[in-house]
Each structure stands twice: as structure tokens, then as C-alpha cells.
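Observations on the model geometry
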Amino acid sequence: MAISAEDPIRVLIVDDIAETRENLRKLLQFEADIKVVGAARTGEEGIRLANETSPDVVLMDINMPDMDGITATVALLEDVPFAQIIILSVQSDADYMRRAMQAGARDFIPKPPSGDELISTIRMVSVKARDQRKKMTAPFHPDAPEGGVVPGVGVLDIKGKLLAAYSAKGGVGVTTLVTNIAIGLHSESTPTVLVDTNLQFGDLSVFLNMQVKTSIVDLALYVDEINDELVDEALMRHESGLRVLAAPPRPELADEITSDHVRKILQYLKRRFAYVIVDTSSTMDDTTLAVLDSADLLMTVATPDIPAIKDARLLFDLLTVLDFPLERVIFVLNKMDRRTGITAEAVAENLKCTVDGSIPAEERVVATSINRGEPLLLTDTNRSPAKNILELLGTIRRRLLKIEESEAEYSKSQTGRLTAR
Ligand SMILES: Nc1ncnc2c1ncn2[C@@H]1O[C@H](COP(=O)(O)OP(=O)(O)OP(=O)(O)O)[C@@H](O)[C@H]1O
Ligand SMILES: [Mg+2]
């Protein structure tokens, strides 16, 4: 995230007591040059939010249930080395303070802090954060507004990118591929969320061997108050670190969710994650249209058989009608089998499009991976079809980077125009 000297100082609060978090937030809310970008309830959440929000300053509590402030300071600075940590504590034990400073904390303020002292300390240490941040090439940190939409979020803000996966024909392997792509895209510097908008019969959680405890219904019900806390509660966490927003556990619950809910949820997730990956149902209904509306890239899958290729052609026609640019489409052929006599070249020629990925049919390997809930990219990637999915992942990454670069260029040119006024 490119932060300029004019941007407000980004502050992250880490404290297990809700009242303290609220008080700190209140003390800072009227300072135009300070923005609270997140509030964490535990050390672990603090480290995660620091990765996601890229704070200049962290207000760190000492006694937290999962880890103490010193341990959290060490771990957080490993990930976000430019962050300046201010320890807030009722104890002013000299030995503890010395250890905190050795761990990398920048300052100490006794609890409860006075507004003036807190604000002036934040301003003072933030100078160093900005200086150090400038010297580093920071990885992607999605802007993570807490407690709702940040006013002023507009075209100039860098947002996460949304990759939708759709096929008009069912059973072609969309869920298999998109699960692996999401696993491959997720990393500490590119936090990723995988969303199931096949609201009636979504099965993403099965592919990841996860039991649905929370789902998109939990967010849809409170969509007008959506905030980080609600999102964190509704998302499940796969063992790879990938976050998952599952389809409702029962088909009838799909009636609770409107396309407007889906649109709002996706827009919010795009602000919090580097990549939002969406598995859609095969029906081109209002929900799928809402996903397409938010999509930066669309992956569509077909198998080498006449009905699937016919549906792919109809989809390309529909995308043209919808004004969805075809250069934002990734077309993948799955279950390729020499014995059918249908080659990728023949399909490309027939549909007048590029085939961006070709995945061989490997019934046994794929079925075993799905039945175990173990995505292929987490197994031996030298073997087919994992190796082909890895190639597809590379193509998708390059396309996403290209979109990010062109948007950053555009954003830069707009900033230039604004400052030139
Ligand atoms: N490369 C492949 N080789 C062999 N079989 C595959 C391959 N990819 C997927 N399959 C099989 O195809 C079936 C459908 O896969 P998947 O559920 O991923 O498709 P889908 O397009 O998401 O289907 P749905 O319309 O039900 O959402 C599964 O049984 C899976 O094992
Ligand atoms: Mg599916």
C-alpha cells in the first residue's frame, strides 16, 4: 500500500477489553490526521490485522488471554517491521518495560492514557514509521476499515481483486479448480477469501473438508451493519490460512439472501482482502450477475464435449451483451482427454478465443482429492493435474497483477491531476 505523508497516521488497537478499545477509539476519533484502521481482541488477531491493515502505530495491551504484549510485539514486528509499538499498561514495572523495549516496542504510556499524551506520542512515533515504510517495498496490505465503510473510499483507493468462477454447464470442474486457485493465491502478503455463492447447493466446504459452522447467511442478516468483527465471525479459516465464506448449511436458507446482500458483502471483502475468489452456481440469476458486477476477472470452464462448448459460446455472447470485457475472461478447458479427439486448438478456433489453461482428465486423482477434502495444490504438484493447475495459477496471477498495475497507473495519473489543480 502506497502511503504518502498526507495520509492519516494508521493506528491499530490491540486490547482484550472491549471498553478499552472503545475508549481509545473515542480519544482518537476527532483527530483528522489519525485513523484507527483496526481493533483486535487478542495478540494473534493483532498480528493478523497488522498484516492486513499495515499500521504505522500499534497501541498494545500487555495482559491478553492468548499471548502477552511482548510476545505479540516480537511476532508483529517480524511481519510489519516499520510499525511503531506503544505499550499501554497499568503496570509500570521497570523490568517489564525494559523487556518490552528490547522486544522492539517504541514507547510506553500508563493506563488509562490522557488524550493529549496519547495523541502526541502517536504523532511523534509515526514519523519513524513513515520513514521506515518508505525505505521498504511493502507487500500488499488491503485497506481494512473497521466498523464500517471508511468515508472517502473512492476510485483512488487500492482494492482487492475479485476473481469469479462460472460455467453455464454444471459438473465441469469449476469448484475443483477454484478451490485450488484460492489456496495458491493465498499468502501472508496476499490474504485471500473464497466465497460460495451457489446459495442452495454450494459444496466448497466439502472440497476443503470443513464443517459449515458459519456461512454467508450470518453476514446477509446484518449486511447494513457489516464490520470487521461480523466478517471475522462469519468467515471460516482453512488450515492453509485461507478464509472461507461458506454457502448456507441448508438450501431453504438461500431465500434469506438477496443479490443486494451478495453485492454488499463482496464489496466489503474487496476492501479487506487482496483476493476475493467466488465460486458461483451455474444459473445466471441475479446473484451470479451481482458477482459478475464486482468481478475483475472471470474464470470460465468447459469440458471438451459439444454441449459444454455450445454453452461456452452462449456465455461469451452473453458477456458481450453485459459489457463484460472479454480480455478479463480466463477460459479453461478441463478434463482434457486425447481419446475424445477434441484439442484445445480446435476449441480455440471454434470459439474464436484463447484457451488460457488446459487441465487433463485424471479421474482417480481428482476424485480422491475431493473425497479427502485435500486440494491438489497441497499434494504433489509435480504430478498431473496438480502441475497443470499450478500453470493455470501462474497465468491467473499474471493477469491479476496486470490489472493491479494498470489500476495503480490510472490512480497515479488521477492523483497527479488532482494535485495539479
Ligand atoms: N481434471 C479432472 N479430471 C477428472 N475429473 C475431474 C477433473 N476435474 C473435476 N473432475 C470431476 O468432475 C466432477 C465435478 O467437479 P466439480 O464439482 O468441481 O465441478 P463443478 O463445475 O463445480 O460442478 P457443479 O455444477 O456441481 O458446481 C467431480 O466429480 C470431479 O471429480
Ligand atoms: Mg461447483
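Scroll up to find the structure.
Quick summary incoming for the structure in this document.

Counting buried positions along strand 6 (residues 161–166) gives six out of six residues, so the element sits mostly inside the fold. Side chains Lys 161, Leu 163 and Ala 165 of strand 6 all project onto a buried face; the interleaved residues Leu 162, Ala 164 and Tyr 166 project onto the opposite face, where all are buried too. With five bridges joining them, strand 6 and strand 10 (residues 275–279) adopt parallel strand pairing. Along strand 10, the bridge assignment pairs Leu 162 with Val 276. Where strand 6 meets strand 11 (residues 297–302), four bridges bridge the pair, whose relative direction is parallel. When the sheet's bridge partners are listed, Leu 163 is paired in strand 11 with Leu 297.

Locating Arg 41 in the fold gives a position in the loop between strand 2 (34–40) and helix 2 (43–53). Along the sequence, Arg 41 and Met 64 sit 23 residues apart, while their C-alpha atoms lie 8.2 Å from each other. In this structure, Arg 41 is in contact with Asp 15, Asp 16, Arg 21, Glu 229 and Glu 233, ignoring residues within four places of it in sequence.

The full set close to ligand 1 counts 17 residues, and Gly 171, Gly 173, Thr 175, Thr 176 and Lys 335 are the nearest of them. At a separation of 2.9 Å, an oxygen atom of ligand 1 approaches a polar backbone atom of Gly 171. Here ligand 1 loses 77% of its free accessible area of 640 Å² to cover by the protein chains. Of all elements in the fold, only helix 6 (174–185), strand 12 (329–336) and helix 14 (363–372) reach the threshold of two or more residues within the shell around ligand 1. Across the shell around ligand 1, the residue classes break down as seven nonpolar, seven polar and three charged.

So, how was this worked out
Residues numbered from 1 in each chain as written. Chains lettered and ligands numbered in written order. Predicted model: local features only at pLDDT ≥ 70, side-chain atom pairs only at ≥ 80, totals over all residues. Heavy atoms only, no water. Buried < 20%, exposed > 50% of the residue type's maximum accessible area, 1.4 Å probe, protein only. Helix = DSSP H or I, 4+ residues; strand = E, 2+ residues; numbered from the N terminus. Pairing = 2+ DSSP bridges. Contact = heavy atoms within 4.5 Å. Near = heavy atom within 4 Å. Polar contact = N/O pair within 3.5 Å; in protein donor to acceptor, adjacent residues only side chain to side chain. Areas by Shrake-Rupley, 256 points an atom, 1.4 Å probe, with all protein chains shown as cover. Nonpolar A, V, L, I, M, F, W, Y, C, P; charged D, E, K, R; others polar.

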